[in-house]
Each structure stands twice: as structure tokens, then as C-alpha cells.
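Read off the chains here:
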Amino acid sequence: MVEARQGLNVAVVGATGAVGQQMMETLEKRNFPIKNITLLSSARSAGTVLKFNGEEIVVQEAKPESFEGIDIALFSAGGSVSLELAPEAAKRGAIVVDNTSAFRMAENVPLVVPEVNEEDLKQHKGIIANPNCSTIQMVAALEPIRKAYGLNKLIVSTYQAVSGSGAAAISELQEQTQSLLNGEEINPQVLPVKGDEKHYQIAFNVIPQIDKFQENGYTYEEMKMINETKKIMHMPELPVAATCVRIPVVTGHSESLYFEVNEPGVSAADIKELMKTAPGIVLQDEPEAQVYPMPADCVGKNDVFVGRIRKDLDEDKGFHMWVVSDNLLKGAAWNSVQIAESLIKLELVTLK
Ligand code: NAP
Ligand code: 3JN
């Protein structure tokens, strides 16, 4: 525990994980007002020493009592941990910002991307959900368009980095790449889904499955994108379809979007103009100079990058757009910390 200036008592649950590490870095970079920070994990990593703002902090096993006196608890330790411990944290007065899908679709849980629906935070009852990474970057890019011209239809195909699947998937891509270049055999064990029946090569390959298949033929990742988008944008009737694909990139999710606006006669230039001033959005769209967003350029950045904006050749209200962002930052850690900053701004939590 570190004693600091006036601030909040913050807990990071899953502090030793890929997302947890990014959360700690983001809290540091943002100079988030922290009085004490508590780092939590499973019993496996309890006792590990991690550095925060230059101080050494011992990671503790997450238990219900860990949340006594905590103001904000950032959870990224998987759905089952959130289901068990998030209500315990909320019961003890903490505001939970949960990175898992455990509570995202629950009626009394706001699902928030601050650029889109920050005001929904006012309805919270102790648990706030952070959306899926692929959903976050998409709705952040679409919100200015929805506001200006309405939105009638959305079709997305994703190109997702392996870091979305955790630290083990990153190692699998790196080791497979090395083995295949050395002419050695590989033995896939993590992707597409840890614990599913089959595993496939990800190095030099593309896998059209992220998370488990549902009865309707869509994967859970695809259904998350579909359902979460409707909830965040308050558009339950919006037609949304998604195809989610894993590619051999470590960090940075890319998406090809097709959307239809509500008004006739909108031009690609109109959409580009909106993007120039949209919060959290960076326009990179100069085909003549070969300028467009790519994952390698977005790593370590909080923004959502958009480009390749074109009007559909047959549908007057239809547009195509390419959207890229760091899935561990805007897709997870940064959006969570941004929610915590919004809680302070909206005076939903008080500094001590
Ligand atoms: P990861 O690298 O595998 O890390 C998992 C973390 O959870 C570790 O700190 C681990 O602690 C901790 N943990 C595991 N079991 C626990 C338990 N029983 N009690 C307390 N802590 C426990 O995974 P990750 O990539 O960081 O992702 C973690 C979770 O974040 C995912 O399961 C997912 O729900 C969510 N996530 C959300 C998004 C998004 O789209 N917003 C993206 C990625 C991940 P040990 O070191 O002790 O094992
Ligand atoms: O695979 C990706 O690129 C994103 C994965 C996110 C994820 C991974 C494991 C469990 C989630 C999520 O946040 O949607 C979950 C979950 O359902 O909690």
C-alpha cells in the first residue's frame, strides 16, 4: 500500500494479468488521484511484488474482505471472479468497473464508453461494465456519425490481435512463429479458445473464430459486439451483424465497418469532417499519400484511429470505414480508467 496525496482508494483485481498491467500503467500515466492502491490476484500470484509509481507493492489474494475501504475497484480477472467478488466489493461501498462480460447485459448495470454514453454512469448501482474491446472502438467511431446523420444498419468484420486472448496467446504466437521459421513442428494449445475442443495454428494463419460458438452459428465475441452496441447506443432495434477473426498480430484490433446513415446525400467528405473533431478519434485518411490506420502504429496510444472512409458505390446511405485501436488500452485499461475519471468529474465519487 502506498500513502499518497488526496485521492481514492483503488483496487486492481487481476493486477498480474495482461489487462491488469496496462491498468496500472494507465493509472500512473494519467496521474490518477490515488490515496492507496491495492493489487489483487489469485492465490497463485499472491506475494508477487509489483511496482506502482516507483513503490514496491505486494500482490494479495482477492477475497471479499479485500474491498473494505476501497472506493473504486477495477476488475479484469475473468467473468467467474467478477461474478463472485464484484457484488462483494459493491456491498462494501466500492464502485466496481468490470472488464468482463459477466454483468454487461444486466439491466441495472451501465455499459459505458465515455465518448458515447457517459451520462449512463449516473444510473449505476455499484457495478459499471466496461464493454468488449471490439465494441468499444467501433461505437466510439460511430457515435459522431449517429449524432449527425442517424444510423440504420451496421455490418462489421474484425481483425483481432492475439493479446485480446491474454498472455498465453501472445506467447503462443511468438513461439509458433519462431518454430515454423526454424522448420520445427508446432503444437497449438491456446487459440482459438483455451479449453475448447480443437486448437489451430495462429502464426502465418487467420482463424475465423473468437470465443465459443453459440446455437445461432455466431460466436460469443460476435454476439457481444451485436448486443453491447445496441445497449451502449440506446438503439435496441439497430440491425447489427459481426464476423470476428483472429490474426497473427500481437496488439491492435482492426475493423472493417459498413454502415448506413438515416439521411440521403451525405458524402464521404462529410463523414471525414465529423471525424476531425470527434472526441478520442484520430483521422488518418489520405489515400493519395497512402495514409491509413494500422495496428503497429496504434500500440501504446489511447485513441481510436479511423481511415479508408468511402461512400458505397450502390447504396447512397452506405459507407465503409476502417477502424484501429490498441485493444488493451481503449479496448480495456484506458476505457476503465476513463470511466473512473468520469466518476470523479460527475461527482459520483468523492476524493478523500
Ligand atoms: P490474463 O493475462 O490471463 O490475466 C488474468 C488475471 O486474472 C491474472 O492477474 C490472474 O492472477 C487473475 N486471476 C485469475 N484467477 C483469479 C482468481 N480466482 N482470483 C483473483 N484473480 C484471478 O488475462 P487478461 O488478458 O488480463 O484478461 C483478464 C480478463 O479481462 C479476461 O478474462 C476478460 O474477462 C477481461 N478482458 C476484457 C477485455 C475487453 O474486451 N474489455 C479484453 C481482454 C480481457 P494470477 O496471476 O494469480 O493467475
Ligand atoms: O479476444 C479478444 O480480442 C477480446 C476478448 C475479450 C475477452 C476474453 C475473455 C473473456 C472477454 C471480454 O471482455 O469480452 C471475456 C469475457 O467475456 O469476460
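Thresholds applied
Residues numbered from 1 in each chain as written. Chains lettered and ligands numbered in written order. Predicted model: local features only at pLDDT ≥ 70, side-chain atom pairs only at ≥ 80, totals over all residues. Heavy atoms only, no water. Near = heavy atom within 4 Å. Polar contact = N/O pair within 3.5 Å; in protein donor to acceptor, adjacent residues only side chain to side chain. Areas by Shrake-Rupley, 256 points an atom, 1.4 Å probe, with all protein chains shown as cover. Nonpolar A, V, L, I, M, F, W, Y, C, P; charged D, E, K, R; others polar. Helix = DSSP H or I, 4+ residues; strand = E, 2+ residues; numbered from the N terminus. Buried < 20%, exposed > 50% of the residue type's maximum accessible area, 1.4 Å probe, protein only. Salt bridge = Lys/Arg side-chain N within 4 Å of Asp/Glu carboxyl O. Pairing = 2+ DSSP bridges. Axes fitted to C-alpha atoms, helices over the stretch in contact; angles between N-to-C directions. Contact = heavy atoms within 4.5 Å.

Caption draft 1: Focus on the site of ligand 1. The full set close to ligand 1 counts 25 residues, and Thr16, Val19, Ser42, Ser45 and Cys133 are the nearest of them. Between ligand 1 and the protein, one listed contact pairs an oxygen atom with a backbone N or O atom of Gly17 at 3.0 Å. Pro131 is positioned with one of its backbone polar atoms (N or O) 3.1 Å from a nitrogen atom of ligand 1. Contact with the protein chains removes 76% of the 920 Å² of surface that ligand 1 exposes when unbound. Here the shell around ligand 1 is built from residues that sort into eight nonpolar, 15 polar and two charged.

Caption draft 2: Looking closely at unusual backbone geometry. A cis amide bond links Leu191 to the next residue, Pro192, at an omega of 10°. Locating Pro192 in the fold gives a position in the loop between helix H5 (167-181) and helix H6 (220-232). Even without glycine at this site, Asn53 takes up a positive phi of about 50°. The residue Asn53 is located in the loop between strand E3 (49-52) and strand E4 (55-58) in this model. For Asn53, a relative accessible area of 52% translates into the label exposed.

Caption draft 3: How the structure looks around the pattern of salt bridges. Under the criterion given, the structure shown has 15 salt bridges. Across the salt bridge formed by Glu221 and Lys224, the nearest N and O atoms sit 3.7 Å from each other. Of this pair, Glu221 and Lys224 both sit in helix H6, three residues apart, roughly one helical turn. Neither Glu221 nor Lys224 differs from the other in exposure class; each is buried. Taken together, the salt bridges that share partners define one network made up of Glu68, Glu88, Lys91 and Arg92.

Caption draft 4: Broad picture of the sheet that holds strand E9 (residues 153-160). Sheet architecture is open: six strands sit in the order E10-E9-E11-E14-E13-E12, paired in mixed fashion. Unpaired on one side and paired on the other, strand E10 (240-246) and strand E12 (281-283) mark the two borders of the sheet. The mean angle between the axes of side-by-side strands here comes to 20°, regardless of whether they run parallel or antiparallel. As judged from the three bridges shared by E12 and strand E13 (residues 304-311), these two strands associate in the parallel manner. What sits directly across from Ile281, in E13, is Val304. In this fold helix H4 (residues 133-149) packs onto E9, strand E11 (253-260), E12, E13 and strand E14 (318-325), with an angle of close to 40° to the strand it touches most, E11.

Geometric values such as these leave the question of function open.
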